[in-house]
Amino acid sequence: MIVNHIISIQKKRLIKILVLSVFILCTTSLQAQTLNEIDKAITVKIDSIISLLTIEEKIAMCHAQSKFSSTGVPRLGIPELWMSDGPHGIRAEMNWDNWDYANWTNDYVTAFPALTCLAATFNPGLSKEYGVSLGEEARYRGKDVLLGPGVNIYRTPLNGRNFEYMGEDPFLASIMVVPYIHGVQQSGVATCVKHYALNNQEHWRGHINVEVSDRALNEIYLPAFKAAIIDGESWSIMGAYNKFRGEHCCHNQILLNDILKNKWSFDGVVISDWGGTHSTEESIYNGLDLEMGTPSNNNISKRFPYNNNFLGQSFLDKIISGEVEEYILDDKVKRILRLMYRTSLDKNRPFGSINTKAHSNTAYRVATEGIVLLQNSDIFLPINRSANITIAVIGENATKSMTIGGGSSELKAGYEVSPLEGLRKQFKNATIIHSPGYSSESKSEKDKQELKKEALSIAKTADVVLFIGGLNKNHSQDSESSDRQHYNLPYNQDDLIGSIAKVNKNTAVILISGNAVSMPWRNKVMSIVQSWYLGSEAGNAIASIISGEVNPSGKLPFSFPKKLLDNAAHYYGELSYPGNGDTQYYKEDILVGYRWHDTKKINPEFAFGHGMTYTSFKLSAIISDKKNYSSFDTIKISCNVENTGEVNGSEVIQVYVGKKNSKVKRAFKELKGFKKISILKGGSKEINIFIEVDKLAFYDETISNWNIEKGDYIIYIGNASDNISKELKITII
Ligand code: BGC
């Protein structure tokens, strides 16, 4: 009897499982439903599946099964989750359980420009296009989660990973990150916004404890993450390596539970950075859902090698003993299942595509729109591409691959056009001679002198010198896990550029970097072009800017201080950066980047928002729609933009706001709106920029909330933070 009863229970369970498995896999046509309905339908499904899972199955879903995947439940048709770096292309396949590449032959990809370049476009539409292309490549490569975008704020020019982020301004980063996320996720691939939060340096990243005020946290370091979660609806987020107020960010009560999951109602998955998990207890209670990158323990158990993860056996033991209640485990698993329904279990997701012409075009467009023309004395650039001249191209970066190196964002690019190749393709009538002039490899003094001598000899006789140098993706340059050791250009480039300019005044410097550098040679050269890590289309894009095929329109997403001590984080000394080995204090508080330069009246070498063009623009008729606004109003700024030059071009109109006589400390002004606009030569357009009054609020620590101060504000309208055409006074009543 009893046996029969058990068999019948088992049969019933089996039938239920079968029905549900079919139910899971055949997601009903979700297309016709609204997003809300889809979410509700998914929640119902998840609730029913959870009861079918054993505790062991649920635990297994909460940690890695290999370097870049976590396990599913095959008997129920629950798939594995596959992840890939990010953030500017899909990384090559790695081995199952070590950091070596797997040497596949079908994992070549389009390398898109790094995110500093994307931010420098100031073009949210292009960010969407970027996301769409990237999502398609991720999907084609079978990825469910893309480990990016990165939105840590640019605090110091020494941070080795700034090139993966979107600059120093929280407003710019917030506006640019949202369309990227929408673009990627429309392919049914989740973005994983990283590194949440305060991972603003690589030095000591695994343990440094960041102490920062609530105000700076909310006004400077969190807004881009908040926008990514609330407006972008990113389906996952990655915890950072460092600590915040004593707790590692991958299991941090304040960041993950209080802010992310409670205040921002995040219903997706918190994924640890690889190896960023340090405690079972904190991981269980402080918001981590999926532990990745903790080393496996192959020696002990080959069958369950990741059991030793913090959310592995020890988590299981605590559930079985009753020390931890199962609903805590269920919450993590439900989030993971929800992520699957949004990605791998969405049967409507497209198939994706890779290495297409369209993706190359996107990479080229972003690269050309992001390159920033910093200086152009006597309209030295552009150089006529049909001219019959000799061009000396000097510098190692003219030929060095920049898709290789840099850490986890390294790519196996299907192709990468070097600057030298790009120039040779476009300047067909010119004689182009290349000489590296310096080397990033260790060389004897004699060899270094030889390189310099050779470069100077070609510089002397050339009509034009294009010096293509800067940083690179080597360790201690623009690269993960270490910071730069100084603010100067490495490998004696400062001296080399100075010597070149002495023998040939017709010199332009093209800097390839993701960071600001000092420029002691600035006044000795004619032009300076800030080129980022541009990916597959690098050389084509650089050549197009040099030749004027494309009119530059990029704007700096971060300030270039004249010297390191002019940067706020460094001004306050070692305790501020890099810290005392244990803790660092963000003493500059809210005055990051141009907020510091403006407020303290320290002129930068090049200011945030600066970027020149081969034409000229005139802003006129700059007005606000009213003089007085209530806290619920939206301020409308109108402006006429005229292209007064000889070529078509694009300009970024920037609107900053500052509060006079504030009762709290304020930055002199802060970016609150911008618009990029293309105008034919001789043409003009009227633009409107809207600012909601509540965006002028400061984070008031006395009430732990945003506070809109009443009174007079100045609105600054211009085309760079240091080039303001008009100031308007308005009043919040
Ligand atoms: C990096 C992450 C990356 C992960 C996986 C970590 O070292 O900090 O950004 O996504 O590795 O490669």
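Since we're looking at a predicted model, the values are computed, not measured.

(A) A look at the overall build of the protein. When its secondary structure is counted, the protein shows 19 helices and 26 strands. Here the C-alpha radius of gyration of the protein, 27 Å, is about what a compact globule of 733 residues would show, namely 27 Å. Along the longest, intermediate and shortest principal axes, the C-alpha atoms of the protein span 100 × 65 × 55 Å. Considering only contacts in the protein between residues 6 or more positions apart, those separated by 24 or more positions represent 76%. Within the structure as shown, the protein displays about 27700 Å² of accessible surface, and the carbon and sulfur contribution to it stands at 52%.

(B) Representation of the packing of aromatic side chains in the model. Under the defined criterion, the tally for this structure stands at 25 aromatic pairs. Summarising the aromatic geometry, the rings of Phe 163 and Tyr 533 are spaced 5.6 Å apart at their centres and angled 75° between planes, so their arrangement reads as edge-to-face. Here Phe 163 is found in the loop between β3 (145-147) and α6 (170-185), whereas its partner Tyr 533 is found in the loop between β15 (527-531) and α17 (538-547), with 370 residues between them in sequence. Judged by its relative accessible area of 0%, Phe 163 is buried. On the basis of an interplanar angle of 75° and a centroid distance of 5.7 Å, the ring pair of Trp 532 and Phe 558 is categorised as edge-to-face. A residue pair is termed long-range when its members are at least 10 positions apart, and Trp 532 in the loop between β15 and α17 and Phe 558 in the loop between α17 and α18 (568-571) qualify at 26 residues. Overall, the relative accessible area of 1% leaves Trp 532 in the buried class. In this structure Phe 558 comes out as buried when scored by relative accessible area, which is 0%. An aromatic cluster is built from Phe 122, Phe 171, Tyr 594, Phe 608, Tyr 656 and Phe 674, whose rings are joined through pairwise contacts. Stacked on the ring of Tyr 586, the Lys or Arg Arg 155 has its end atom at 3.7 Å from the ring centre.

(C) The layout of surface pockets, seen in detail. If you add up the space inside the largest pocket, you get close to 1000 Å³. Forming the boundary of the largest pocket are 40 residues, of which Phe 171, Ser 174, Pro 223, Lys 672 and Lys 695 lie nearest the centre. Of all elements in the fold, only α6, α7 (214-221), α8 (223-230), β21 (670-679), β22 (684-692), β23 (698-700) and β24 (705-707) reach the threshold of two or more residues within the lining of the largest pocket. With six residues, β21 is the largest single contributor of residues to the lining of the largest pocket. The residue makeup of the lining of the largest pocket, split by class, is 21 nonpolar, six polar and 13 charged.

(D) Layout of the site of the ligand. Around the ligand, a shell composed of 14 residues is seen, among which Asp 85, Arg 161, His 195, Asp 273 and Glu 480 lie nearest. A distance of 2.8 Å is found between an oxygen atom of the ligand and a side-chain nitrogen or oxygen belonging to Arg 161. Between an oxygen atom of the ligand and a side-chain N or O atom of Lys 194, the distance comes to 2.9 Å. In isolation the ligand offers 310 Å² of accessible surface; the protein chains occlude 96% of this area.

(E) Main features of the pairing of β15. Of all the five residues making up β15, five are buried; the element is thus mostly covered by neighbouring parts of the structure. Of the two faces of β15, both are covered, the one formed by Ser 527, Val 529 and Ser 531 as well as the one formed by Ile 528 and Gln 530. In terms of strand pairing, strand β10 (residues 372-376) meets β15 through four bridges, oriented antiparallel. Considered in β15, the bridge of Val 372 is made with Gln 530.

(F) Fine view of the confidence of the model for the protein. Confidence in the prediction of the protein, expressed as mean pLDDT, is 95, and 95% of residues score 70 or more. Here helix α1 (residues 2-25) stands out as the least confident element of the protein, with mean pLDDT 44; strand β9 (residues 269-271) is the most confident, with 99. Below pLDDT 50 for its whole length, residues 1-31 participates in 27 contacts with residues either more than four positions away or in separate chains.

(G) Region of interest: the packing of helix α15 (residues 445-461) against helix α16 (residues 493-503). It is at 9 Å that the axes of α15 and α16 come closest, and there the two elements cross at 30°. Regarding the angle of α15 to α16, the classification is roughly parallel. The hand of the α15/α16 crossing is right-handed. Contacts between α15 and α16 pair Lys 452, Leu 456, Ala 459 and Lys 460 from the former with Asp 495, Leu 496, Ser 499, Ile 500 and Val 503 from the latter. Class assignment of the residues belonging to the contact of α15 with α16 gives a composition of five nonpolar, one polar and three charged.

(H) Expanded view of the sheet that holds strand β11 (residues 390-394). Strand order in the open sheet formed by six strands is β10-β15-β14-β13-β11-β12, and the pairing between neighbours is mixed. Each of the sheet's edge strands pairs with one partner strand only, and the pair in question is β10 and β12 (431-435). Between one strand axis and the next, the sheet turns by 15° as a mean value, whatever way the strands run. Where α16 meets the sheet, its contacts fall on β11, β13 (464-470) and β14 (507-512), and the angle it forms with β13 comes to roughly 175°.

(I) Main features of the side chain of His 359. Secondary-structure assignment places His 359 in helix α13 (residues 357-370). The class of His 359 is buried, set by a relative accessible area of 1%. Side-chain polar atoms of His 359 contact the side chain of Glu 136, separated by 2.6 Å. Beyond its immediate stretch of four places on either side in the chain, His 359 contacts Thr 110, Phe 112, Ser 133, Glu 136, Glu 137, Ser 353 and Ile 354.

(J) Focus on the pattern of salt bridges. Overall, the coordinates contain 42 salt bridges when judged by the stated rule. With a closest N to O distance of 2.5 Å, Glu 588 and Arg 155 form a salt bridge. Highlighted residues: Glu 588 in the loop between β16 (583-585) and α19 (594-600) and Arg 155 in the loop between β3 and α6, separated in sequence by 433 residues. For Lys 672, the salt bridge is made with Glu 670, and the minimal N-O distance between the two is 3.8 Å. Of the two residues, Lys 672 and Glu 670, both sit in the buried class.

(K) How the structure looks around the packing of α6 against α8. Orientation of α6 relative to α8, taken along the N-to-C sense of each, is 25°, at an axis distance of 8 Å. The orientation of α6 with respect to α8, classified from their angle, is roughly parallel. Note on packing geometry: the crossing formed by α6 with α8 is right-handed. Of the residues in α8, those in contact with Pro 170, Ala 173, Ser 174, Val 177, Val 178 and Ile 181 of α6 are Pro 223, Ala 224, Ala 227 and Ala 228. Here the contact of α6 with α8 is built from residues that sort into nine nonpolar, one polar and no charged.

Basis of the calculations
- Residues numbered from 1 in each chain as written.
- Predicted model: local features only at pLDDT ≥ 70, side-chain atom pairs only at ≥ 80, totals over all residues.
- Heavy atoms only, no water.
- Helix = DSSP H or I, 4+ residues; strand = E, 2+ residues; numbered from the N terminus.
- Rg over C-alpha atoms; globule rule 2.2 N^0.38 Å.
- Contact = heavy atoms within 4.5 Å.
- Areas by Shrake-Rupley, 256 points an atom, 1.4 Å probe, with all protein chains shown as cover.
- Phe/Tyr/Trp six-rings, centres within 6.5 Å; stacked < 30°, edge-to-face > 60°.
- Buried < 20%, exposed > 50% of the residue type's maximum accessible area, 1.4 Å probe, protein only.
- Lys NZ or Arg CZ within 6 Å of the ring centre and 35° of its normal.
- 1 Å grid on protein atoms, 1.4 Å probe; cavity = no way out; pocket = protein on both sides within 12 Å on 5 of 7 lines; lining within 4 Å.
- Points joined across faces, edges and corners; volume = space filled by probe spheres on them.
- Nonpolar A, V, L, I, M, F, W, Y, C, P; charged D, E, K, R; others polar.
- Near = heavy atom within 4 Å.
- Polar contact = N/O pair within 3.5 Å; in protein donor to acceptor, adjacent residues only side chain to side chain.
- Pairing = 2+ DSSP bridges.
- pLDDT = per-residue confidence, 0-100.
- Axes fitted to C-alpha atoms, helices over the stretch in contact; angles between N-to-C directions.
- Parallel < 35°, antiparallel > 145°, perpendicular 65-115°, else oblique.
- Left-handed = near helix turned anticlockwise from the far one by under 90°.
- Salt bridge = Lys/Arg side-chain N within 4 Å of Asp/Glu carboxyl O.

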